[in-house]
Amino acid sequence: MPHSDPYHPSTKRLKLDAASKAPSGARKASSIFAPFRTIGLVSPTGVPFASIPLGKTTFQITTSVGRALQTYDLKRGLNLVFITRPQTPADITATYAWKEKVFAAWGDARNGEPQGLWVFQRGKKVAELPLPSDLDQPVRQILIFGSWIVACALTRMEIWKSDTLEHYTTIFPIAAKKGDNELTGGVCNMPTFLNKIFVGRADGWVEIWNVSTGKLIYTILPPAPDCGSVTCLEPTPALSLLAIAYSAGPLVIQNVLTDKTVLRFNAGNDEAPVTTISFRSDGQGAGQDGRQDGVMATATSLSGDVTFWDLNKGGRIMGVLRSAHNPPVNTGETVRGGISKIEFLPGQPVIMTSGLDNSLKSWIFDETPYSPVPRILHMRSGHAAPVSCLQFLPTDFDGADAGNKWLLSAGHDRSLWGWSLRRDGQSAEISQGNIRKKAKKIGILANSSLGHGPTTTLDELKAPEITCIASSLNRDGGIGAMPGKQPVWDKGDDKLRPSNAELSGMTGWESVVTAHKNDAWARTWFWGRRKAGRWAFKTGDGEYVSTVALSQCGTFALVGSVGGSIDVYNMQSGRHRQRFPSRLTPAQLRQVKMQQVKALTEVNKLEARSRTTFTPGTGRHTAAVTGLVIDPLNHTVISCSLDGKIKFWDFVTGNLLHELDWAPMTKITGCQYHSGNDLVAFSCDDHSIRVVDVETRQTIRELWGCRGDINDFCFSNDGRWIVAAAQDSTIRVWDLPTSHLIDAFRLERPCTSLAFSATSEYLAGATQGELGVQLWTNRTLFKHVPTRQISEAEIAQAAAPTASGEGGEGLLEAAFSPDGPEDEADDTLSAPVVDQLSKDMMTLSLVPKSRWQTLLHIDLIKQRNKPKEPPKAPEKAPFFLPSVGGDPLGKDLVPTTTPKNEDGTAKSRITQLDHTRAQQAFSAKLLAGRSTGNYDAFITHLKSLSPSTADLELRSLSMGEGDDEEATNELLHFIRALTGRLVARRDYELAQAWMTVFLRLHFDLVLESAALRAELERWREHQARERERLDGLVGYCGGVVGFLRSPRT
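Residues numbered from 1 in each chain as written. Predicted model: local features only at pLDDT ≥ 70, side-chain atom pairs only at ≥ 80, totals over all residues. Heavy atoms only, no water.

Colleague: Even after reading the chapter, I still don't get the sheet that holds strand β8 (residues 101-106), so can you show me in this structure?
Modeller: Strand order in the open sheet formed by four strands is β7-β8-β9-β10, and the pairing between neighbours is antiparallel. Looking along the sheet, the strands with just one partner apiece sit at the ends: β7 (92-98) and β10 (124-129). Strand after strand, the sheet turns through a mean of 25° between neighbouring axes, direction not considered. Sheet topology note: the β8/strand β9 (residues 116-121) ladder contains five bridges and is antiparallel. Note on β9: the bridge partner recorded for tryptophan 106 is glycine 116. (Pairing = 2+ DSSP bridges. Helix = DSSP H or I, 4+ residues; strand = E, 2+ residues; numbered from the N terminus. Axes fitted to C-alpha atoms, helices over the stretch in contact; angles between N-to-C directions.)

And the structure:
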């Protein structure tokens, strides 16, 4: 191991028992990150959606996302318009939209949860319905008609008045034996039936109840004893006709007035009974030309298909909408599926469908010639399975903000999504080609496949599950990249691949590469066109792909395999360019053998011992490659593997340059690279993270503390932090300069993937078993956050971000939230002191950047935090009431005596303050440096002050008084202290910030004093001399880098 080499300095390791003393009081869950919100949730639960017409132009669709409701506007393309707040204390179990309000029932008393029924309007809670004290069942359906509100539980129904929201009565169906009275089919009402509801039971009965009197009026018996329980009830557009579906498969249309069956057919079976029914009400859709009335749609929660029926002439199947949603998977996988509800919009040729695959879709019948199967109109969806990996898109050019807007995510459902953090409607799934067209060719969507049992789903035609993502937008051409029809993931011969270099050079090419589970091909994607790319890159040894990487220029893709091979492909042409190690030609092989023969001599043996050399064509990894990195100049490739070795390769020749061997002590499971500080971090199976300097190829940090396997980790944008998520459900943050654990918080479930935005504003995480992507905001961008070292005992449980954003903090809220007592206590901690490496180097301080930036803008922050209205005095109590806690005789109301001076005059409260300001720490340390000329103690004290305290102290600097005015002139000595820091070439950014604030506050006094102007002129001379020196050094370094990057050299 490098850190145990006696000829190299020891590696700085984290001391777990060296944490600073924790402040008194409870610690926040996280001092750096604040929960923001969860994205990617549309309809992840089995609660059916609720729809309501909004005027005569549009409809609003409301779905449940757990403990909040999301409302979409159909006219705007299913754009999100409302998210309800506050969140319900438990998961929502039923919803219903009525007029401008949405009713939501939540909680399950069987699981020990509280229960309630809330009313929302435009996303805000406006009312709450009282529940009976003996209600111990979850509400599974809500129905509102006339002046009644009906909530259907398992074996009872609760009735309220819709105008007053007053609880009216409770109805208990009677059962002949246990379980027969379970309301499996829910409730519904029918037009012209005043105060009547229809209830479907587990024994197959349909009961008609009068909610006004609470009496049972009639019972409709099943058509046969073996029909099973009622699964769904739906009134037809024709009066007095009710559709009833049974668990054994039959579906009947019953005339409730005559209690006679009008139609009966098998719409399902024992394994997949019909669970949702809807009727088209625009008078068209049936018949050979689609101009007749009588269309019914049925679906089941155990399938992703929607069946359309023509009820004329005894009923027949018109068509089947195959794979409208993902079917449920019963093979132990985590992909969700099944249809929860279908509904024809009133008077429209549009049907809405929602499924457990986290999607909401609208379909329209408008194809010409007439087609009984609709086409997709609008769709809002997300991942149908938990998210597996995340990555923020990098910026496409310097100064661009794309790195803060777009987030790529891949899930177990074989999909790749691009999420917009600014506008929810811009989020979209990256297309993998026309899947439905491909399915029609192989007969998946054919009507004749109905009787063949389970069929291949549309998702099975997609690429395998994505396990790794790499991206670079430097060559991305946007929407105009490679126009025209292009092949999708061409797997043909490398030399026969079609390539138009002139066209791709003008328009750009693919910008995303992905690795896939149990697949030997890596695939490319067009980000600008949101579609699959042209190429599929195969591993050199034919084994499965384990990891991928993309050069920062966007030209080369690196593919690593589980067998240890590493290959390089050109993204523009799709052709193979290099492998590591490189394959030797016969001439090179003969030359290597000759060199090996010469190395047998004694002299060459001694020279070989003194230096480490690697034979060309050797050095291949012996286990799966777990990470690949290419430097910004395309000179060096770094790879790590489960064999415990880190290898440095020459990008051009493919030869091995250097190797770090950490085997057999540990295996390397992943790596992350930060180009700004040229550091590579490696996660190991011993629950540690080791940081290696690429330039020196030495281990410089070892970060310990994780109590389980490290699932994922990432650098912060400035390279100062490393954020890691472990299997112990804890997210930890280490500070690289000090190697201290500065923040940690524990979630309910392990976090499986992490990503830090390019602007450091957001931290994205994927939680095990969750469909959404959770976002946290970075508090340190807008306010001072103490980053002291913490211990494992201080790690607290944190609430995860929610879909509604309740309880979280946005960027502005996090910036202007008041500081707690813990923050004030931590402000007294001074920054660590690190010895200067060389007097010729200009060093910066270790004070957090947010602290001195806040000091520069402290006036603006105070102005924004200023209350809009002055505090109001409390209302005076009536004269006959005594003061609270006071003397009943009113002695407390007698004013106290004012202190007086010796001559009897009243003493001012202002003069009672301590006049010995010179003895205070700030002034004492400043004036103490006058005699010695060393102001280090004063600078150290000033570093430890919070921005508000430092601003107050700078405002309090005085000119001095008395005979020895120079000795007490605090302004003069403050300028000398800053000049001393310039001469010592220390704390450069702090000296600039402090001088800026000083001149802003005391420029008038400086202009009036000749001594201050002279001292300030001395400071300006040192400042100009240092600026010219730094400009020369930066210009020289820039010229060297430009020379090395030039293709002519």
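Colleague: Sorry, what's going on with the side chain of serine 471 here?
Modeller: Position of serine 471 among the secondary structure elements: in strand β35 (residues 466-471). For serine 471, a relative accessible area of 13% corresponds to the buried category. Side chain to side chain, serine 471 and glutamine 391 meet in a polar contact 2.6 Å long. When near neighbours in sequence (up to four residues on either side) are disregarded, serine 471 contacts Gln391, Leu393, Pro394, Ser511, Val512 and Leu550. (Buried < 20%, exposed > 50% of the residue type's maximum accessible area, 1.4 Å probe, protein only. Polar contact = N/O pair within 3.5 Å; in protein donor to acceptor, adjacent residues only side chain to side chain. Contact = heavy atoms within 4.5 Å.)

Colleague: How do you make sense of the packing of helix α13 (residues 970-984) against helix α14 (residues 988-1008) when you look at a structure like this?
Modeller: Remark: α13 packs on α14, axes separated minimally by 10 Å, with the N-to-C direction vectors making an angle of 155°. Between α13 and α14, the interaxial angle falls into the category roughly antiparallel. In the crossing of α13 with α14, the sense of the turn from one axis to the other is left-handed. Contacts between α13 and α14 involve Leu971, Phe974, Ile975, Leu978 and Leu982 from the former and Tyr988, Ala991, Gln992, Trp994, Met995, Phe998, His1002 and Leu1005 from the latter. Broken down by class, the residue content of the contact of α13 with α14 amounts to 11 nonpolar, two polar and no charged. (Parallel < 35°, antiparallel > 145°, perpendicular 65-115°, else oblique. Left-handed = near helix turned anticlockwise from the far one by under 90°. Nonpolar A, V, L, I, M, F, W, Y, C, P; charged D, E, K, R; others polar.)

Colleague: Sorry if this is basic, but what is going on with the packing of helix α9 (residues 921-932) against helix α10 (residues 936-944) here?
Modeller: Two quantities define a packed helix pair, namely the angle between the helix axes and the distance between the axes. Put simply, α9 and α10 touch, their axes get as near as 7 Å, and they point 150° apart. As the angle between them shows, α9 and α10 are arranged roughly antiparallel. At the point where α9 passes α10, the crossing takes the left-handed sense. Contact residues: α9 offers Ala921, Phe922, Lys925 and Leu926, while α10 offers Ala937, Phe938, His941 and Leu942. Residues belonging to the contact of α9 with α10 are distributed by class as follows: six nonpolar, one polar and one charged.

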